[in-house]
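# Working through the structure, step by step
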Amino acid sequence: MKAFEVNFDGLVGPTHNYAGLSVGNVASLKNAAQASSPKQGALQGLAKMKALADLGLKQAVLPPLERPDVNVLRQLGFSGSDEQVIKRAASDAPSIYAATCSASSMWTANACTVSPSADTHDKRVHFTAANLANKFHRSIEAPTTAKILEAIFSNEQFFKHHSPLPLGDHFGDEGAANHTRFCEDYAQAGVEFFVFGKYAFDTTKQAPVKFPARQTFEASQAVARLHELSSAKTVFAQQNPDVIDAGVFHNDVIAVGNQNCLFYHEKAFLNTVQVKQDLQNAYGNSPLHFVMVPENQVSVYDAVRSYLFNSQLVTLAPGHMALIAPGECQENSNVKDYLDSLVSQNGPIKEVKIYDVKQSMQNGGGPACLRQRVVLNEAEIAASNQAVYLDDTLYQTLCQWVNKHYRDSLTEKDLADPALLIECRQALDELTKILALGSVYPFQR
Ligand SMILES: NCCC[C@H](NC(=O)CCC(=O)O)C(=O)O
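Residues numbered from 1 in each chain as written. Predicted model: local features only at pLDDT ≥ 70, side-chain atom pairs only at ≥ 80, totals over all residues.

In the annotation of an unreviewed UniProt entry, the entry for the chain reads N-succinylarginine dihydrolase, and the organism field reads Aliikangiella maris. The UniProt entry for the chain carries this comment under Pathway (unreviewed entry): "Amino-acid degradation; L-arginine degradation via AST pathway; L-glutamate and succinate from L-arginine: step 2/5." In its Subunit (unreviewed entry) section, the UniProt entry covering the chain states "Homodimer." (UniProt positions renumbered as here; feature names shortened; annotations may be inferred.)

Printed below as a string of structure tokens:
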């Protein structure tokens, strides 16, 4: 049976803002307190989805979460009506309040880790919503994210959902931002590649010193166990701690893989020779393409600023891959020169397509952060919720929905406006009908 890589992009939520919440993420701190445009952000994301659908790729959409998260604020002792909870939290604990307003669920690469049925022992597609333990504003995403995934992939014959890993630093899990899969054809068993930032239980091992390692070895191993992956076709590798300290907070800021190709920076891994050997051994006889970008052409500094590696690497035709890159790659002359030379080589990456996702980029989320890859065969696609797959009609409907509900601009001061919660709930209530999701949000129960 044929199988496809389906990109599930996160819709940018109505509270999209710049609150400087992510230490270790250069863009998030740099743009803290700037005004954002939720409307522009959502439309930019939708335009990228539509462009990829028009390229013939399968595209779907994941909804944003309810924000501000008044239930979390209540758990923290703010009480009264929703309006009072918001006002009290915004004035007494502005940093905590800002964290509960983040639209960070837009970066669906971090929503979960997915293993396709071709790789798992019971031949079901396995999902583990990521606990995102390292950042408070992200650690509150998993419960509703899991509900949404269960609502889309509800058929137990085909889909298996696991609870997020236990919260806490030891099992910090950031989902598919640190997970790549290699395969000849999407329908065949592939090699699942887990990249982690540190060992949590062995502190004698090397680890970053300046910024946190969000993903642990132990978390990656737990996900591989839960998903019943074959150990012969699973590879674990440590990220280079120095690049984490240079702002590479997820592996997808320094490497991206697809089918038989790994596109990565020279400094991405702690032991690159071993990583390549392990991947090739697990992959089998046909050669993997290792496309290495040398530091002397694109430095880690330029990679972090341009988000070159946070591109999507997609297959447009057999043997013809395209890099779906953010606009910032064109503005950096080293990166631009590198990309010009890349497509003239005779490698698997034949073209580069540039999209503007600046609203998300300013919080450290490029094209790859905005999507979760779910490899599904024809039967699994048919067994999933059809209303989330993007076609021209859904694209038009969602653009109208954004234009109706979203604000043009949002500042920190605006976040404290209790009307924002009401607007968000109205928008999400309508969206769950458009996407046929049922009642997935706390306010709907
Ligand atoms: N995969 C990309 C994730 C980007 C995300 N940024 C943020 O949460 C920034 C939010 C803010 O600062 O308002 C993060 O760091 O996890």
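### Quick notes on the overall build of the chain
Counting its regular elements, the chain contains 18 helices and 15 strands. Here the C-alpha atoms of the chain give a radius of gyration of 20 Å, agreeing with the 22 Å that 2.2 N^0.38 yields for 445 residues. Over its C-alpha atoms, taken along the principal directions, the chain stretches across nearly 65 × 45 × 40 Å. Expressed as a percentage of its 445 residues, the buried residues of the chain come to 53%. Considering only contacts within the chain whose residues lie at least 6 apart along the sequence, 76% involve residues at least 24 apart. (Helix = DSSP H or I, 4+ residues; strand = E, 2+ residues; numbered from the N terminus. Rg over C-alpha atoms; globule rule 2.2 N^0.38 Å. Buried ≥ 20, exposed ≤ 12 C-beta atoms within 10 Å, placed from the backbone. Contact = placed C-beta atoms within 7 Å.)

### Focus: unusual backbone geometry
The amide bond that connects R67 to the next residue, P68, takes the cis arrangement and shows omega of -5 degrees. Structurally, P68 can be placed in the loop between strand 2 (58-62) and helix 3 (70-75). In this structure, Q259 is a non-glycine residue whose phi angle is positive, near 45 degrees. Along the chain, the position of Q259 falls in the loop between strand 9 (255-258) and strand 10 (261-265). Phi is positive for Y307, close to 60 degrees, though the residue is something other than glycine. In this fold, Y307 is placed in the loop between helix 11 (300-306) and strand 12 (312-317). Judged by the 26 C-beta atoms lying within 10 Å of it, Y307 is buried.

### Comments concerning the packing of helix 16 (residues 392-405) against helix 18 (residues 419-434)
Closest axis-to-axis distance for the helix 16/helix 18 pair is 10 Å, and the angle between their directions is 165 degrees. The angle between helix 16 and helix 18 falls in the class roughly antiparallel. The two elements helix 16 and helix 18 meet at a crossing, and its hand is right-handed. Contacts from T397, W401 and H405 in helix 16 reach E423, Q426, A427, E430, L431 and I434 in helix 18. (Axes fitted to C-alpha atoms, helices over the stretch in contact; angles between N-to-C directions. Parallel < 35°, antiparallel > 145°, perpendicular 65-115°, else oblique. Left-handed = near helix turned anticlockwise from the far one by under 90°.)

### A few points about helix 16
An α-helical turn contains 3.6 residues, so any two residues separated by three or four positions project in the same direction. Along its 14 residues, helix 16 runs 20 Å from first to last C-alpha, staying within 8% of the 20 Å computed at 1.5 Å per residue. L394, L398 and V402 are the residues of helix 16 that are buried. Projected down its long axis, helix 16 carries its buried residues within an arc of 75 degrees, all on one side. Seen from the open side of helix 16, the exposed residues pointing more than 90 degrees away from its buried face are D392, T393, Q396, Q400, N403 and K404. Contact partners of the buried residues in helix 16: helix 2 (38-54). (Expected span 1.5 Å × (residues − 1). Arc of directions from axis to C-beta.)

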